[in-house]
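Each chain, written out:
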Amino acid sequence: MSRLVIIESPYAGDIDANLRYAREALLDSLNRGEFPIASHLLYTQVLDDLDPVMRRQGIEAGLAWGSHADLTVIYADLGVSEGMRYGIERAESEGREVEWRFIR
(Lines give C-alpha, C1' and ligand atoms only; values in the text may rest on other atoms or scores of the structure.)
Protein backbone atom coordinates (compact mmCIF):
# COMPACT_ATOMS: atom_id res chain seq x y z
CA MET A 1 0.00 0.00 0.00
CA SER A 2 1.32 3.46 -0.84
CA ARG A 3 2.16 5.89 1.88
CA LEU A 4 0.27 9.12 2.58
CA VAL A 5 2.84 11.92 2.44
CA ILE A 6 2.81 15.55 3.51
CA ILE A 7 5.24 17.62 1.47
CA GLU A 8 7.21 20.47 2.98
CA SER A 9 8.91 22.95 0.64
CA PRO A 10 9.31 26.74 0.73
CA TYR A 11 6.49 29.06 -0.30
CA ALA A 12 7.33 32.60 0.85
CA GLY A 13 10.08 34.64 -0.81
CA ASP A 14 10.37 33.96 -4.53
CA ILE A 15 6.85 32.59 -4.77
CA ASP A 16 6.97 31.77 -8.49
CA ALA A 17 10.20 29.77 -8.16
CA ASN A 18 8.97 28.13 -4.96
CA LEU A 19 5.68 27.11 -6.59
CA ARG A 20 7.56 25.54 -9.50
CA TYR A 21 9.74 23.66 -7.03
CA ALA A 22 6.71 22.51 -5.01
CA ARG A 23 5.18 21.12 -8.20
CA GLU A 24 8.44 19.25 -8.91
CA ALA A 25 8.35 17.87 -5.37
CA LEU A 26 4.74 16.78 -5.74
CA LEU A 27 5.53 15.01 -9.02
CA ASP A 28 8.61 13.37 -7.50
CA SER A 29 6.50 12.00 -4.67
CA LEU A 30 3.78 10.77 -7.06
CA ASN A 31 6.44 9.09 -9.21
CA ARG A 32 7.61 7.20 -6.10
CA GLY A 33 4.11 5.72 -5.79
CA GLU A 34 3.21 7.90 -2.82
CA PHE A 35 -0.03 9.77 -2.17
CA PRO A 36 1.21 13.29 -1.37
CA ILE A 37 -0.39 16.55 -0.37
CA ALA A 38 1.35 19.89 -0.74
CA SER A 39 -1.05 22.08 1.20
CA HIS A 40 0.88 25.26 0.35
CA LEU A 41 -0.02 24.65 -3.32
CA LEU A 42 -3.69 24.30 -2.41
CA TYR A 43 -4.57 26.69 0.39
CA THR A 44 -2.63 29.66 -0.98
CA GLN A 45 -5.06 29.68 -3.90
CA VAL A 46 -7.84 30.87 -1.57
CA LEU A 47 -5.98 32.30 1.44
CA ASP A 48 -3.67 35.33 1.53
CA ASP A 49 -0.30 34.11 2.83
CA LEU A 50 0.60 37.69 3.77
CA ASP A 51 -2.35 37.90 6.19
CA PRO A 52 -1.14 36.33 9.46
CA VAL A 53 -4.58 34.97 10.36
CA MET A 54 -5.10 33.39 6.94
CA ARG A 55 -1.53 32.08 6.90
CA ARG A 56 -2.05 30.35 10.25
CA GLN A 57 -5.38 28.97 9.02
CA GLY A 58 -3.69 27.44 5.96
CA ILE A 59 -0.80 26.02 7.97
CA GLU A 60 -3.14 24.44 10.52
CA ALA A 61 -5.36 22.97 7.78
CA GLY A 62 -2.33 21.41 6.08
CA LEU A 63 -0.98 20.03 9.33
CA ALA A 64 -4.38 18.58 10.23
CA TRP A 65 -4.23 16.56 7.01
CA GLY A 66 -0.61 15.76 7.81
CA SER A 67 -1.60 14.19 11.11
CA HIS A 68 -3.05 11.34 9.04
CA ALA A 69 0.09 10.98 6.92
CA ASP A 70 2.59 8.18 7.20
CA LEU A 71 5.53 10.41 6.35
CA THR A 72 6.56 14.06 6.16
CA VAL A 73 9.00 14.74 3.33
CA ILE A 74 11.23 17.81 3.39
CA TYR A 75 12.22 18.89 -0.12
CA ALA A 76 15.24 20.95 0.82
CA ASP A 77 17.00 22.03 -2.38
CA LEU A 78 15.85 25.63 -1.78
CA GLY A 79 16.48 25.64 1.95
CA VAL A 80 14.16 25.34 4.95
CA SER A 81 11.65 28.08 5.66
CA GLU A 82 10.03 29.00 8.97
CA GLY A 83 6.81 27.28 7.86
CA MET A 84 8.74 24.14 6.99
CA ARG A 85 10.40 24.15 10.42
CA TYR A 86 6.96 24.29 11.99
CA GLY A 87 5.90 21.29 9.88
CA ILE A 88 9.02 19.36 10.88
CA GLU A 89 8.40 20.08 14.57
CA ARG A 90 4.77 19.02 14.25
CA ALA A 91 5.71 15.76 12.52
CA GLU A 92 8.28 14.96 15.19
CA SER A 93 5.86 15.79 18.02
CA GLU A 94 3.26 13.48 16.43
CA GLY A 95 5.84 10.70 16.03
CA ARG A 96 5.71 10.81 12.22
CA GLU A 97 8.77 9.86 10.21
CA VAL A 98 10.56 12.79 8.55
CA GLU A 99 12.54 12.18 5.37
CA TRP A 100 14.81 14.70 3.64
CA ARG A 101 14.98 14.77 -0.15
CA PHE A 102 16.91 16.67 -2.79
CA ILE A 103 15.72 16.55 -6.41
CA ARG A 104 18.02 19.02 -8.11
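Residues numbered from 1 in each chain as written. Predicted model: local features only at pLDDT ≥ 70, side-chain atom pairs only at ≥ 80, totals over all residues. Heavy atoms only, no water.

Peer 1: Help me understand the packing of aromatic side chains in this model?
Peer 2: Within a pair of aromatic rings, the relevant descriptors are the distance that separates the centres and the angle that separates the planes. Scanning the entire structure with this criterion turns up 0 aromatic pairs. Here Arg56 stacks its cationic end above the ring of Tyr86, 4.9 Å away from the centre of that ring. (Phe/Tyr/Trp six-rings, centres within 6.5 Å; stacked < 30°, edge-to-face > 60°. Lys NZ or Arg CZ within 6 Å of the ring centre and 35° of its normal.)

Peer 1: Explain the sheet that holds strand 3 (residues 71–75) here, please?
Peer 2: On the basis of which strands lie adjacent, the open sheet formed by 4 strands has the order 2-1-3-4 and parallel pairing. Sheet topology places strand 2 (35–37) and strand 4 (97–101) at the edges, where each strand pairs with a single neighbour. Between one strand axis and the next, the sheet turns by 30 degrees as a mean value, whatever way the strands run. As paired elements, strand 3 and strand 4 share 5 bridges and run parallel to each other. Paired with Leu71 across the two strands is Glu97, which belongs to strand 4. (Pairing = 2+ DSSP bridges. Helix = DSSP H or I, 4+ residues; strand = E, 2+ residues; numbered from the N terminus. Axes fitted to C-alpha atoms, helices over the stretch in contact; angles between N-to-C directions.)

Peer 1: For this particular structure, what's the right way to read the pattern of salt bridges?
Peer 2: Oppositely charged side chains may form a pair once their charged atoms are brought near each other. Taken as a whole and judged by the stated rule, the model has 12 salt bridges. We note a salt bridge from Asp28 to Arg32, for which the minimum N-O separation is 2.8 Å. Given the relative accessible area of 18%, Asp28 is considered buried. Judged by its relative accessible area of 44%, Arg32 falls in the partly exposed class. Salt bridges linked by common partners bring Arg3, Asp28, Arg32, Glu34, Glu97, Glu99 and Arg101 together as one network. (Salt bridge = Lys/Arg side-chain N within 4 Å of Asp/Glu carboxyl O. Buried < 20%, exposed > 50% of the residue type's maximum accessible area, 1.4 Å probe, protein only.)

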